Amino acid sequence: MMTSRFRVLKFCSEIVMSRIYQIHVDTSSTTNSQTTVPGGTNSQVVPARVIYPNVVKQNNNPFNCTVILGQTHRRLRCVSLKCAEIPIGFYNVRAPYNIVTIGSTTYTVPPGSYNITTLCTAINTAITATVGSFAPNAGSSTVTFTSAVGSVALTSFAGSLPNLLYFLGFVNGQTGTVITGTNSYMVNFDTYISIYIPNLRNSSLEPSFITFKIPLTVASGGIQYYSEKTQFGQELQIFDRMIMFDRLDIQVRDRFGQQLNNNGIDWSFTIEIESDT
């Protein structure tokens, strides 16, 4: 659904009237709305008011989709996030972080939603008792690994990305037969997610996949709400007047810039667009 209002701008002696639209998107909408009118033996299909723009998902992932707008916006000036309603369906343990490297061997833990107890159990199942075991320490927020094969080294980063050992509090290169994590464990490490719109420029000059940022205050299974009236406002100024804005390429990424998969659970948001259209 699209609503609009006007803003009058003055450049030198020229008065330019821009329009401000609010565009409401629900990723459960996959086709433009139509209405069927009975007409004798044949039914007549006529266009109806489009409630939501058309949404095309990549691999049925609502966090990676293209939103086809009903109108092309020219001389785009500003895009701001007004609100978002996001059911949290992605796992706290997922690729590419769901690995454990002990010595020269890397083990993979099935993606899922875990607490510290179930996560240690899943890791122990993956590495087997012949390698060792992980256990949370009572009275503290640390985890200890007990090796069954003598002194070993733990690797908590896979290239530039952290793995499960990092989230369990282990520092890269810790060695020994009984190794306790240097830091506290952090099973739910998603402190925020990012809404990235690649067909707009980034919201800063930094090379990050962030257009709008949503702090996370709920765990998997909850619904995260964002509203500019109760939280900080987010506005993106557009300086390239040649942009023909007819779609939103939407990617929702985690704090490390990796694409998230919401496991088929749809979400919604509202943006405000200012343009000369």
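Report follows, based on the coordinates. (Residues numbered from 1 in each chain as written. Predicted model: local features only at pLDDT ≥ 70, side-chain atom pairs only at ≥ 80, totals over all residues. Heavy atoms only, no water.)

Here's the deal with the packing of aromatic side chains
Move 1: Inspection of every chain in the model, using the stated rule, returns 15 aromatic pairs.
Move 2: Each ring, one from Phe167 and one from Phe189, has its centre 3.9 Å from the other, and the planes form 10°; the classification is stacked. Remark: Phe189 occurs in the loop between strand 16 (178-180) and strand 17 (192-196) and Phe167 occurs in helix 2 (residues 164-167); sequence separation between them is 22 residues. There is no split in this pair, since Phe167 and Phe189 are both buried.
Move 3: On the basis of an interplanar angle of 75° and a centroid distance of 5.4 Å, the ring pair of Tyr196 and Phe209 is categorised as edge-to-face. Pair noted here: Tyr196 is in strand 17 and Phe209 is in the loop between strand 17 and strand 18 (212-215), with a separation of 13 residues, a long-range link.
Move 4: In textbook terms, an aromatic cluster arises when at least three aromatic residues are bridged by ring pairs, as seen for Tyr97, Phe157, Tyr166, Phe167, Phe189 and Phe256.
Move 5: It is Lys213 that lies over the ring of Tyr192; its NZ or CZ is 4.5 Å from the centre. (Phe/Tyr/Trp six-rings, centres within 6.5 Å; stacked < 30°, edge-to-face > 60°. Helix = DSSP H or I, 4+ residues; strand = E, 2+ residues; numbered from the N terminus. Buried < 20%, exposed > 50% of the residue type's maximum accessible area, 1.4 Å probe, protein only. Lys NZ or Arg CZ within 6 Å of the ring centre and 35° of its normal.)

Some remarks on the sheet that holds strand 8 (residues 99-102)
Move 1: Within the open sheet, the four strands sit side by side as 9-8-12-15. Their pairing is antiparallel. Edge strands, defined here as strands with exactly one partner in the open sheet, are strand 9 (105-108) and strand 15 (175-176).
Move 2: The sheet contact formed by strand 12 (residues 152-155) and strand 15 spans two bridges and is antiparallel. Within the sheet, the bridge partner assigned to Val152 lies in strand 15 and is Gly176. (Pairing = 2+ DSSP bridges.)

Description of the pattern of salt bridges
Move 1: Inspection of the entire model under this criterion finds six salt bridges.
Move 2: Across the salt bridge formed by Asp266 and Lys57, the nearest N and O atoms sit 2.7 Å from each other. In this pair, Asp266 is assigned in the loop between strand 21 (244-253) and strand 22 (268-275) and Lys57 in strand 5 (residues 54-58), connecting sequence segments 209 residues apart.
Move 3: Of the residues examined, Asp266 reaches a relative accessible area of 24% and is grouped as partly exposed. (Salt bridge = Lys/Arg side-chain N within 4 Å of Asp/Glu carboxyl O.)

Points about the sheet that holds strand 21
Move 1: Taking strand neighbours across the sheet as the criterion, the five strands line up as 5-6-21-17-18 in an open arrangement whose pairing is antiparallel. Among the strands making up the open sheet, the edge pair consists of strand 5 and strand 18. Averaged over all neighbouring strand pairs, the angle between strand axes comes to 25°, with direction disregarded.
Move 2: Judged from the five bridges that link them, strand 5 and strand 6 (residues 61-74) form a sheet pairing that is antiparallel. Within strand 6, the position partnered with Val55 by the bridge is Val67. (Axes fitted to C-alpha atoms, helices over the stretch in contact; angles between N-to-C directions.)

Focus: the pairing of strand 12
Move 1: Burial along strand 12 is one-sided: the face carrying Val152 and Leu154 is buried and the face carrying Ala153 and Thr155 is not.
Move 2: In this structure, strand 8 lies alongside strand 12, joined through two bridges in antiparallel fashion. Within strand 12, the residue paired with Ile102 across the bridge is Leu154.

The analysis is restricted to geometry; functional conclusions fall outside its scope.
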